[in-house]
Each structure stands twice: as C-alpha cells, then as structure tokens.
Amino acid sequence: MALQNNGVEASVTHTQPLWLLAEITYRCPLHCAFCYNPTDYDKHTQNELSTDQWINVLRDARKLGALQLGISGGEPLLRDDIEEIAIEAKNLGYYSNLITSGVGLTEKRIQAFKDGGLDHIQLSMHDITEEISNFVTNTKTFELKKKVAAMIKSHGYPMVLNVVIHRYNIGHIKEILEMAEALGADYVELANTQYYGWSLVNRNQLMPTKEQIDNAEKVTNKFREKMGNKMKIFFVVPDYFSERPKKCMNGWGEVFMIVTANGDVLPCHSARVIPNIEFPNVREKGLMWAWQDSPAFNRYRGDSWMKEPCRTCPEKEKDLGGCRCQAFLLSGDAESADPVCSLSPHHHLIEKAIEDAKNPILKEQPIIFRNDKNSKKIISGEVKDRIKDYHATP
Amino acid sequence: MIIEHQNVFKIAAHHRFQWEEAQQSHVILFPEGMVKLNASAGEVLSLVDGKNSIDYIVTLLKEKFKDVESIEKDILSMIQFALDKAWIEKVI
C-alpha cells in the first residue's frame, strides 16, 4: 500500500462514486407517510447549501468519477436555482435526473430544464385513485400529478414514473401499470416501501402481507411480458420478504455518494441514524477527502468490521451482510447482520413484522405524516412510544 | 430484427454515449442506469452515429484491426446486442 507524504497509509479504496444524489432541500409540499427522509429533517431546513456550494459539489464529484446525478429532496423545485444547477450538470457531462413530486413544475421551468440540458425527470405517482393518492401524501395533488406527467411527455422527456408500493395501493398494481401505459411511461419503478425514516415509524400502517407482495409480483410479470421493450418495469422484492439481505447501496462507499441539504456527505440515504459516526460535510473538507479518506466512508468498506455470522459466511461477498442502517435500526448494533438475513440472530424481528402485517393495528397507531410539526415532535421525543422498538431517532 | 449491411443506427433516444476519463472507458447512460463498455464495444458504438452504415463500420474496423480474425462477426454481434438492449435504434 502506498504511503502518503505524511507517512500515513493512503486510502484503502479504489472505488469511484458513479452516482451522486443531491438531496438539495428537505422542504416538501407533500407529507408522504413512507418518506425515507430522516425523521429529524427539520434540523436541516434552515442551513441549506447555496447555489455556489452545490455547483462546487457537482464539480468535485465529477472529478471523482460521478456521472449519474439525481437532484432530489424533499421537493427540489422549492428552490429556484435548480435550472442553474441543471445547466452546470450538463456542462460537466452528468446524466442528470430531477426527482420530483411535480409540485412546482411549470411550463416555464420545464422549458428551461429542456434548454439547459436536464436529461430526465422522474415523477412520483401514488395510486390510480384520487382518494388514496391524496391520503398517503396528505395533500390534494392527484390531478396536478397527471397534468405534470403530460407536460413531461410533451417536452420530449422520457417518462419515468416512480410509484412507492404499500398496503394502500398494492392491490391496484394492474391499474397503476395501466395508468402508466396510458400516460406513455417509458420506465416504471414499483418501489416497494423500505422501512427507513418515516416509513419505519409508520411500518405498521404501510406493510403489506406476503401474499399481497407475491400477487403484486405476478401481476407485474404478466404486464411486463405484454409490454416487452416498450415500457421497462422494475419491481424489486422488498427485502423483508426475501431470504437474503440486499447488497445495500452496492456496498458502503462503493458507488453511491449522497450530499444532503446541509452539506453532509453520506454513503447512503439514512446513514446518519448510525450513532458515533461523524459524517464529513462539504463546508469543512472537500469531497475527495470525504470519499477516499474520511473515517465514515471507510468504516464499512471491505469486511474487517464484520461480526459472526457474517464474518465466516460463504455469501459475505455477495451481500456484504446487508444494510448497516437496518441492522442498527432493528437490532441496535450497526455491525450485526442485517436482521432480514435468515441467519441473523435478530431475524425473528422481521418474522414478527411479517406476521403482524396480517393483523395490523391501524386505528391505535395512526399514520404520522412527514411534516415539520411531526419532525419537531420526534426531535423533542414527544412520540417516543411509537418508535421505542426502533433505534431510529433521538 | 435482422441486421443488414446497408442499415444505419444511432444511439437511442434518452441514451447518451460518452467517453469517461475517470473510468478510462466509454459508457452508456440512460434513466436509472449506466453501462461501462469494454474497449471493443466502445470502439464499435463510437461509430454508430446515425450516418455510418454497418457496411462502412465493418470496413473501417477491418482496416484498423487487420490482425483480428472474424472481426466482422464480432462487430455484428455487438450491434445486435446493443439493439436488443435498446441502446441503439435504426435510422435506415
């Protein structure tokens, strides 16, 4: 291993970030029950990076090798500098993607994005029924989303729809796919809820049964056969229902880099739930240090951090022990095996959640919608009872 | 689809083909994904520009890589692969 001029061993990583996700603001006009954003996001709404700081982030990440850029949030369109950021992304050679609820997308703005070279727009849809769409987002945005979908299409953008799947819409997969077809979707992502952030707090409300998942997958496969190459449909089986854990983010600090609204640099969306890790911030040291040398990014690279049963597992290379955040959230130990794994000593927690989904307690545990008020409540510990089983929050 | 020598292809809509300095390779970028191409795939696809016919591409690469046996077959199977993946689309 090479030594740096200070005599310290140079970084152990030979990886490059390929994906940069810019969580540009946590402000959002929607209040989705399944949002993966941190439940304490309210801390980060007053100290967003400036336009110039974002442009520097884009430049530095590009130098490190990043080429896919997601501009996300919250709702990125709440900022008025997305056009400027998109132009810079184009000039730097990113393939750029605006991930939006559609709220705030006007003819004028989409034209500016088109002229500036934004490559695609991913629109979130929630259901075919106005009732459920409005319910789960806690807003009246169903009609608006349909209008935005038409606008995206008419500007020659690929139509990329993202639909988060949960108990309330999983019975409508066929109808959702038909709606996508009618809207002229090129790509549809049926994103089964993963239980982080707000969706973990609301897991009892959102989690479907195993039978519902199996059926949804069947319906999707049938529809996919019918559509062939015309519409690409992604259906990822949620990890709670698979035998083996996911290779989360394709490995900690392997290909993904996230920069949050306040400038924290993370290897995954929810990494800040893990205690005793100081994540780098772009206001302090550069992105190159963050990626290559920061203790946070090196913490779970390789496999020397692993405990049993992962350490001697023949499949450790395949899944890297699953998700560190999920391990912490459910077991209290980020270095334990992801409880999703059937070999994990905490796997009973997943089995119980699957069992509970058959008889959910819906009335007693109403949805805690993602909004500033609830975020403040979670920060102050007011809703402790609801989250005491998870190691999720302050 | 059977590829004919007079066919002309281009990089498909919503896809971008570019050289990446950091990766030292050509890549194809599209919504939700990217593919890092090996050197020969990059060589072939950099000639797929909406103007060059298959015939022209084959002739050019045959000239450039005289020592490579069965290069025509390799080029055609690469084009077929890219077409199946919908990275490229037919112009003529």
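Read on for an overview of the structure. For clarity, every value in this text was computed on a predicted model and none was experimentally measured. (Residues numbered from 1 in each chain as written. Chains lettered and ligands numbered in written order. Predicted model: local features only at pLDDT ≥ 70, side-chain atom pairs only at ≥ 80, totals over all residues. Heavy atoms only, no water.)

### Quick look at the overall build of chain B
And then number 1: The helix and strand inventory of chain B stands at three helices and five strands.
And then number 2: Going from N to C terminus, chain B has its helices and strands arranged as β-β-β-β-α-α-α-β.
And then number 3: A compact globule built from 92 residues should have a C-alpha radius of gyration of about 12 Å, and chain B, at 13 Å, falls within 12% of that.
And then number 4: Across the 92 residues that make up chain B, the buried fraction comes to 46%.
And then number 5: Excluding contacts between residues fewer than 6 apart, the proportion of contacts in chain B whose partners are at least 24 apart in sequence is 55%.
And then number 6: Surface summary for chain B: the accessible area is close to 5,100 Å², and the carbon and sulfur share equals 54%.
And then number 7: Considering chain B, the positive charge centre built from 10 side chains and the negative charge centre built from 14 side chains are found 3 Å apart. (Helix = DSSP H or I, 4+ residues; strand = E, 2+ residues; numbered from the N terminus. Rg over C-alpha atoms; globule rule 2.2 N^0.38 Å. Buried < 20%, exposed > 50% of the residue type's maximum accessible area, 1.4 Å probe, protein only. Contact = heavy atoms within 4.5 Å. Areas by Shrake-Rupley, 256 points an atom, 1.4 Å probe, with all protein chains shown as cover. Lys, Arg positive; Asp, Glu negative; His and termini not counted. Charge placed at Lys NZ, Arg CZ, Asp CG, Glu CD.)

### Focus: the side chain of Arg-62 of chain A
And then number 1: One can find Arg-62 of chain A in helix 1 (residues 51-64).
And then number 2: Among the residues examined, Arg-62 of chain A registers a relative accessible area of 15% and is labelled buried.
And then number 3: Non-local contacts of Arg-62 of chain A, meaning those with residues more than four positions away in its chain, are made with Leu-67, Leu-92, Gly-93 and Tyr-94 of chain A together with Gln-18 and Glu-20 of chain B.

### Focus on the pattern of salt bridges
Residue and element names in this part refer to chain A.
And then number 1: Taken as a whole, this structure holds 27 salt bridges over all chains when the rule is applied.
And then number 2: The residue Lys-226 makes a salt bridge to Glu-181 at a minimum N-O spacing of 3.6 Å. Taken together, the positions of Lys-226 in helix 9 (residues 210-227) and Glu-181 in helix 6 (residues 173-182) put the pair 45 residues apart, joining distant regions of the chain.
And then number 3: We classify Lys-226 as exposed; its relative accessible area is 55%.
And then number 4: The exposure class assigned to Glu-181 is partly exposed, which follows from its relative accessible area of 29%. (Salt bridge = Lys/Arg side-chain N within 4 Å of Asp/Glu carboxyl O.)

### Some details on the sheet that holds strand 4 (residues 33-36) of chain B
Residues and elements named next belong to chain B.
And then number 1: The antiparallel open sheet is built from three strands, whose spatial order is 2-3-4. A strand with exactly one partner marks an edge of an open sheet, and here the two such strands are strand 2 (16-20) and strand 4. The mean inter-strand angle of the sheet, taken between neighbouring strand axes irrespective of direction, is 25°.
And then number 2: Judged from the four bridges that link them, strand 3 (residues 25-30) and strand 4 form a sheet pairing that is antiparallel. What sits directly across from Phe-30, in strand 4, is Gly-33. (Pairing = 2+ DSSP bridges. Axes fitted to C-alpha atoms, helices over the stretch in contact; angles between N-to-C directions.)

### Comments concerning the sheet that holds strand 9 (residues 265-266) of chain A
Residue and element names in this part refer to chain A.
And then number 1: Judged by pairing direction, the sheet is mixed, and its nine strands sit side by side in the order 7-6-5-4-3-2-1-8-9 without closing on themselves. Each of the sheet's edge strands pairs with one partner strand only, and the pair in question is strand 7 (232-236) and strand 9.
And then number 2: Bridge analysis of strand 2 (residues 68-72) against strand 3 (residues 95-100) gives four bridges, and the strand direction is parallel. Within the sheet, the bridge partner assigned to Gly-70 lies in strand 3 and is Asn-97.
And then number 3: Set on the sheet, helix 9 makes contact with strand 6 (187-192) and strand 7; between it and strand 7 the angle comes to about 165°.

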